[in-house]
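Structural overview for review
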Amino acid sequence: MRTMSPLCLLLWDLLDVALAYLTVSIEPLPPVVVGDAVTLKCNFKTDGKMREIVWYRVTDGGTIKQKIFTFDAMFSTNFSHMENYRKREDLVYQSTVRLPEVRISDNGPYECHVGIYDRATREKVVLASGNVFLNVMAPPTSISVLAADTPAPFSRYQAQNFTLVCVVSGGKPAPLVYFKRDGEPIEATPLPEPPVGTGNWAPRNLLHRDLDDTKVPKSLTDEGEVGAGQAPATLDPPRGLAAERDPVTETIPETVVSREFPRWVHVAEPIYYFRHTHAPVSDGTVEARATLTWTLNPQIDNEALFSCEVKHPALSMPMQSEVTLVAPKGPKITMTPTRARVGDTVRILVQGFQNEVFPEPLFTWTRVGSRLLDGSAEHDGKELVLERVPAELNGSMYRCTAQNPLGSTDTHTRLIVFENPNIPRGTEDSNGSLTGHCGFRLVLALTLTVILELT
């Protein structure tokens, strides 16, 4: 049996005194949700004397370390000092840092640095560290479904593509977005890039179309002809002023509503195209956009319910937003003032519909049988403004066409113009101003007055 020499025993004792060991580990963390309380735990084991504990938050890819907690044993009595250096004693410590309400900005790596005194000399410090990544999730804060490229006109004789856009904001990481129709998931073809031009993505040609002979092309109605179901209009609206005692003026405005739908037939179910993108936001969240595109068929898509649903690890149940595709019908039109007089400014406004319309309709105003007061053929917008209406507009009829890709609705309103006691009868022209003869006499009278004063 071999025995160690006295010299070896001495060297072993010196090595035992000089060496000190230190191991550091941080407990891993599962992903947490914004607002949760989180405790970072740093465990370390050593037989040396504690010097310090420092916690860092690492930012900018590790280039910046922000100190968030420091413990200095020189100024604390929480740790007992070991008098006998020759006696090895293993001590287990745990340092914790608590974040009461985590934010997205708290997301990132954290480091725990521990220092102990060397067993041979207090001038030397042994260091060790551990790190952990705090993954902070945030549930989406908003979801909305929009129609792309709106307002858009109604196409009667040609199929057109229609796109729904689902925008999800405030989430981290990016959510899973999908569409449903009438409560059933839609099987869509992934579309990695947005459609450009036609190519293979172009809408399928219609194999069969029935021409509806009951509808007159719009080019023929511009001169005053009205299709089936519309109120007849005369080419020359009645001129002159409406007397205050005339009871027919109490029934204005007169509206006639008509609707038209296409009569094409799709031979197969629509093919849906799906595209999903996401972009980072400055606050650390992600904005996700999902698009659903297909060839619209107003006959079967009108009143169809589409929903956009979102699944996210920070949500206990899916988040959704839904819209119903509806063609406009029954526009509610108001006219102010209710009794328009010569020289007044008349405003004709579409205030709403009998139903919820989606997508947003396109409004176009025309005058039946003639041009608008400003000389234009049509006016776009929900409101038509007639400045200083003349007597000649009495009885004129105006058509408001409200349309979206699902359908089109025409509403007619007749303008009744009453006498204005402040303006003598027959002293206005078509622009609502004084006639040229009256204006000439006024200028001549003013000129003669000036000449007399000068003489």
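What counts, and at which threshold
Residues numbered from 1 in each chain as written. Predicted model: local features only at pLDDT ≥ 70, side-chain atom pairs only at ≥ 80, totals over all residues. Heavy atoms only, no water. Helix = DSSP H or I, 4+ residues; strand = E, 2+ residues; numbered from the N terminus. Buried < 20%, exposed > 50% of the residue type's maximum accessible area, 1.4 Å probe, protein only. Contact = heavy atoms within 4.5 Å. Areas by Shrake-Rupley, 256 points an atom, 1.4 Å probe, with all protein chains shown as cover. Pairing = 2+ DSSP bridges. Axes fitted to C-alpha atoms, helices over the stretch in contact; angles between N-to-C directions. Salt bridge = Lys/Arg side-chain N within 4 Å of Asp/Glu carboxyl O. pLDDT = per-residue confidence, 0-100. Disulfide = S-S within 2.5 Å. Phe/Tyr/Trp six-rings, centres within 6.5 Å; stacked < 30°, edge-to-face > 60°. Lys NZ or Arg CZ within 6 Å of the ring centre and 35° of its normal.

1. So, the overall build of the protein
- Of the regular secondary structure elements, the protein holds four helices and 30 strands.
- For the protein, the residues scored as buried account for 41% of the 455 residues in total.
- Sequence-distant contacts in the protein: of pairs separated by 6 or more residues, those separated by 24 or more amount to 71%.
- Per element, the accessible surface of the protein, about 26200 Å² overall, is 54% carbon and sulfur.

2. Focus on the pairing of strand β29 (residues 407-414)
- Here β29 lies mainly inside the structure; seven of its eight residues are buried.
- Where strand β28 (residues 397-404) and β29 come together, eight bridges link them in antiparallel fashion. Its bridge partner being in β29, T401 is matched across the sheet by D410.
- The hairpin formed by β28 and β29 contains two residues between the paired strands.

3. Regarding the sheet that holds strand β24 (residues 346-352)
- The three strands are arranged β22-β24-β27 in an open sheet whose pairing can be described as antiparallel. Each of the sheet's edge strands pairs with one partner strand only, and the pair in question is β22 (332-336) and β27 (383-386). Taking each pair of neighbouring strands and ignoring which way they run, the sheet shows an average axis angle of 15°.
- Here β22 runs beside β24; their pairing, made up of five bridges, is antiparallel. For I333, the partnering residue across the bridge sits in β24 and is V350.

4. Digging into the pattern of salt bridges
- Applying the stated criterion to the full structure yields six salt bridges.
- Note that E111 and K65 form a salt bridge whose closest N and O atoms lie 2.9 Å from each other. Within this pair, whereas E111 is found in strand β7 (residues 108-117), its partner K65 is found in strand β5 (residues 64-72), the two being separated by 46 residues in sequence.
- For E287, the salt bridge identified is with R289, shortest N-O distance 3.3 Å.
- You can call R289 partly exposed: its relative accessible area is 37%.
- Bridged by salt links that share partners, the residues R181, D182 and D301 form one connected network.

5. Details of the environment of T39
- Relative to the assigned elements, T39 resides in strand β3 (residues 38-46).
- You can call T39 partly exposed: its relative accessible area is 30%.
- Sequence-wise, T39 and R98 are 59 residues apart; in three dimensions their C-alpha atoms are separated by 4.3 Å.
- The contact partners of T39, leaving out residues within four places of it in the chain, are L29, T96, V97 and R98.

6. Regarding the sheet that holds strand β10 (residues 142-147)
- Spatially, five strands are ordered β10-β11-β19-β18-β14 in an open sheet, and the strand pairing comes out mixed. The sheet is open, and its two edges are formed by β10 and β14 (189-190), each paired on a single side.
- Alignment of β10 against strand β11 (residues 161-171), held across six bridges, turns out to be antiparallel. Across the sheet, the residue bridging to S142 is S169, located in β11.

7. Concerning the confidence of the model for the protein
- Confidence in the prediction for the protein averages 77 pLDDT; 68% of positions are at 70 or higher.
- By mean pLDDT, the top-scoring element of the protein is strand β20 (residues 305-311) (97), and the lowest-scoring one is strand β15 (residues 208-209) (35).
- Residue range residues 77-88 is modelled with pLDDT below 50. Its contacts to residues more than four positions away, or to other chains, number 22 contacts.
- A low-confidence stretch, residues 195-256 stays under pLDDT 50, and its non-local contacts, those more than four residues away or across chains, total 102 contacts.

8. Concerning the state of the cysteines
- Counted according to the given criterion, the structure contains two disulfides.
- Each disulfide pairs two cysteine sulfurs, and for C42 the partner residue is C112, the sulfurs being separated by 2.1 Å. Taking the sign of the torsion about the S-S bond as the criterion, the disulfide between C42 and C112, at about -85°, is left-handed. Here C42 is found in strand β3, whereas its partner C112 is found in strand β7, with 70 residues between them in sequence.
- What makes C42 buried here is its relative accessible area of 0%.
- Taking the relative accessible area as the measure of exposure, C112 reaches 0% and is therefore buried.
- The disulfide partner of C166 is C308, and the S-S distance across this bridge is 1.9 Å.

9. Quick look at the packing of aromatic side chains
- Taken as a whole and assessed by the stated rule, the structure comprises six aromatic pairs.
- Geometrically, the ring pair formed by F162 and W294 is edge-to-face, given 5.4 Å between the ring centres and 75° between the ring planes. Here the residue F162 occupies a position in strand β11, and W294 occupies one in strand β19 (residues 286-295), the gap between them amounting to 132 residues. W294 shares its class with F162; the two are buried.
- Connected via pairs of aromatic rings, a cluster forms that spans F162, Y272, W294 and F306.
- Directly above the ring of F418 sits R339, whose terminal nitrogen or CZ lies 5.1 Å from the centroid.

10. Details of the environment of P100
- Looking at where P100 falls in the secondary structure, it is placed in the loop between β6 (91-99) and β7.
- P100 sits 63 residues away from A37 along the chain, and the two C-alpha atoms are 4.3 Å apart.
- If we ignore the near neighbours within four places in the chain, the residues touching P100 are G35, D36 and A37.

11. So, unusual backbone geometry
- Cis rather than trans, the peptide bond between T150 and P151 has omega equal to 0°.
- Mapped onto the elements, P151 comes out in the loop between β10 and β11.
- Although it is not a glycine, D182 adopts a positive phi angle of roughly 50°.
- With respect to the helices, strands and loops of the structure, D182 is situated in the loop between β12 (176-181) and β13 (184-185).

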